[in-house]
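Here's the letter readout for the chains.
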Amino acid sequence: MFESMIAALKMQKRRIVFTEGTDPRILEAANRLHHEGILTPILLGNPIEIQNAATACNWPVDEIEKIDPQNYKEMDEMVSKMAELRKGKMDEAACREALKKANYFGTMLVKMGKADCLLGGATYSTADTVRPALQLIKTRPGSKIVSSCFILYRQTMDKNEMYAMGDCAINLDPNEEELAEIACETARTARRFSIDPRVALLSYSTLGSGKGESVDKVRKAAEKLKELNVDFPADGELQFDAAFSPVVAKTKAPDSTVAGKANVFIFPDINAGNIGYKIAQRLGGFEAFGPILQGLNAPINDLSRGCNADEVYKMSIITAALI
Ligand SMILES: CC(C)(COP(=O)(O)OP(=O)(O)OC[C@H]1O[C@@H](n2cnc3c(N)ncnc32)[C@H](O)[C@@H]1OP(=O)(O)O)[C@@H](O)C(=O)NCCC(=O)NCCS
Ligand SMILES: CC(=O)OP(=O)(O)O
C-alpha cells in the first residue's frame, strides 16, 4: 500500500512539521523517515528537550532540523502575517501568544510555505490540532467544510481489505448537505488509495425500516447525492449489516446498487463515526490511518493520541503523498 507513495516521495524530499517534537513516537518516526530518505522532518520544541528525549528513547535526531517556537528569529513576520489572516478576530498580541504554541506555529510554517505539510495530534487533542488549520488555512475552493476520513486496512492469509470511513473526527452532527459533502470527499480520498468507491450512508434503519429525524437526515443526504449525479454508486439509509454483508443485503435491500458491497462508510454523526472506526481498529484488527483531513487548503493531518510510532510513520507518508 505504501510502496508507490514512498518511491514518489523519495524524489521530492518534502518537508513535514511535527508539532510534538519531544514525543518518543514522533522521534522514532522522524528518525526513520529521515534515514530512509523519504521526508525531511522538522521537529518543533526546545532543541535541548528534543535532544534529551531522543537520547532517552534511543532514536537520535541530531541531523534533523529543530525549531523552537519560543525562540524563532522570524517571529515578527509570522505574527503580522497571522494577524492579517485573523483580522477582526485576533489582534497582534493574541497572535503572538498563540504562536508560542506548536500547533499554531506549525500551521503558520505551512501557511508561509516554510514547510510542505504538518502532522500533529500525538498529544494535542483533535480540536487543538485542527482549529489552527480551520482558522488559518481554511477550506479549499469548492469545499464548504473540512471533514475527515479513516482508511482501514487489514491483511489476512487469503485477502487484503481496505475501506474508507467518514467523518469520524471533525463534524459533530453534520446536516444533510454536509453529510453529502462528506460522502463526496470520502469517495475522493478513497480513490487516492485505489479504492473504487461504493458509498453507504449508514443509519440504524435500512431504506425506511426505522423512523426518526436522524434517519430522515441520512435518507435526504442520499437523495442529495443522486441529485448531484455523483460519479460513484451511493445509497442510504442503510444499516451496517445491509451495507456490508451480501447475505443480509438480499433480505434488507435487494434492489440497492451498494448494499452488500459497500467499501466507503459514511456515519450519521461523530459519535457513530468515532466509535465505529475504533471498534474496527481494536476488535477487528484493522490498521486505521487517519483522521485524514478533507476539504482543507493544505495538507495538515491529525493523529489519534492512541497511535504508535509505526502509525506516525505511515500517516506522515500519507500526509506528504496526498499533497
Ligand atoms: C473541529 C472543531 C475543533 C472546531 O470547533 P471550534 O474550534 O469550536 O470551532 P469554531 O466554531 O469556534 O470555529 C473556529 C473556526 O473554524 C471554522 N470551522 C469550524 N468547523 C469547521 C469545519 N468543519 N469546516 C471548516 N471550517 C470550520 C469556523 O468557521 C471558524 O472560523 P473563523 O474563526 O475564521 O470564523 C470542533 O468541531 C470539534 O471539536 N470537533 C470534534 C473534534 C473531536 O473531539 N474529535 C474526536 C476525536 S478525533
Ligand atoms: C481520531 C481520534 O479519535 O483521536 P483521539 O484518539 O486522539 O481522540
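The protein appears in an unreviewed UniProt entry as Phosphate acetyltransferase from Lacrimispora defluvii. One UniProt comment on the protein, placed under Pathway (unreviewed entry), says "Metabolic intermediate biosynthesis; acetyl-CoA biosynthesis; acetyl-CoA from acetate: step 2/2." We quote the UniProt Sequence similarities (unreviewed entry) comment for the protein here in full: "Belongs to the phosphate acetyltransferase and butyryltransferase family."

Let's shift gears to the sheet that holds strand β4 (residues 117–120). If you trace the five strands from one edge of the open sheet to the other, you get β3-β2-β1-β4-β11, paired in parallel fashion. Pairing within the sheet leaves two strands with one partner each, and these edge strands are β3 (65–67) and β11 (300–302). Between one strand and the next, the sheet's axes are offset by a mean angle of 25°, whatever the strand orientation. In terms of strand pairing, strand β1 (residues 15–18) meets β4 through three bridges, oriented parallel. Within β4, the residue paired with Val17 across the bridge is Leu118. Running at roughly 155° to strand β2 (residues 40–44), helix α2 (residues 24–35) makes contact with β1 and β2 of the sheet. Along the sheet, helix α13 (residues 309–321) contacts β1, β4 and β11; its crossing angle with β4, the most-contacted strand, is approximately 150°.

Neighbouring residues of ligand 2: Thr126, Phe150, Asn274, Tyr277, Lys278, Pro291, Ser304 and Arg305. Within the contact set of ligand 2, an oxygen atom lies 3.0 Å away from a side-chain nitrogen or oxygen of Asn274. The side chain of Ser304 places a nitrogen or oxygen atom 2.7 Å from an oxygen atom of ligand 2. It is helix α12 (residues 270–282) that provides the largest number of residues to the shell around ligand 2, a total of three residues.

With respect to spatial proximity, 17 residues lie near ligand 1, and among them Arg86, Arg131, Lys138, Val146 and Ala169 are the closest. Residue Arg86 places a side-chain N or O atom 2.9 Å away from an oxygen atom belonging to ligand 1. Take Ala169: an N or O atom from its main chain is 2.9 Å from a nitrogen atom of ligand 1. In the complex, the protein chains occlude 63% of the 940 Å² of accessible area that ligand 1 would expose alone. Every element with two or more residues in the shell around ligand 1 is listed here: α7 (126–136) and α12. Sort the elements by how many residues they give to the shell around ligand 1 and α7 lands first, with five residues.

Glancing now at the packing of helix α1 (residues 3–12) against α13. A pair of packed helices is captured by two measures, namely the crossing angle of their axes and the spacing between those axes. Two numbers describe how α1 lies on α13: the axes approach to 10 Å, and their chain directions differ by 65°. Between α1 and α13 lies a crossing whose hand is left-handed. Here Met5, Ile6 and Leu9 of α1 come into contact with α13, specifically with Tyr313, Ile317, Ile318, Ala320 and Ala321. Split by residue class, the contact of α1 with α13 holds eight nonpolar, no polar and no charged.

Quick notes on the rules
Residues numbered from 1 in each chain as written. Chains lettered and ligands numbered in written order. Predicted model: local features only at pLDDT ≥ 70, side-chain atom pairs only at ≥ 80, totals over all residues. Heavy atoms only, no water. UniProt positions renumbered as here; feature names shortened; annotations may be inferred. Pairing = 2+ DSSP bridges. Helix = DSSP H or I, 4+ residues; strand = E, 2+ residues; numbered from the N terminus. Axes fitted to C-alpha atoms, helices over the stretch in contact; angles between N-to-C directions. Contact = heavy atoms within 4.5 Å. Near = heavy atom within 4 Å. Polar contact = N/O pair within 3.5 Å; in protein donor to acceptor, adjacent residues only side chain to side chain. Areas by Shrake-Rupley, 256 points an atom, 1.4 Å probe, with all protein chains shown as cover. Left-handed = near helix turned anticlockwise from the far one by under 90°. Nonpolar A, V, L, I, M, F, W, Y, C, P; charged D, E, K, R; others polar.

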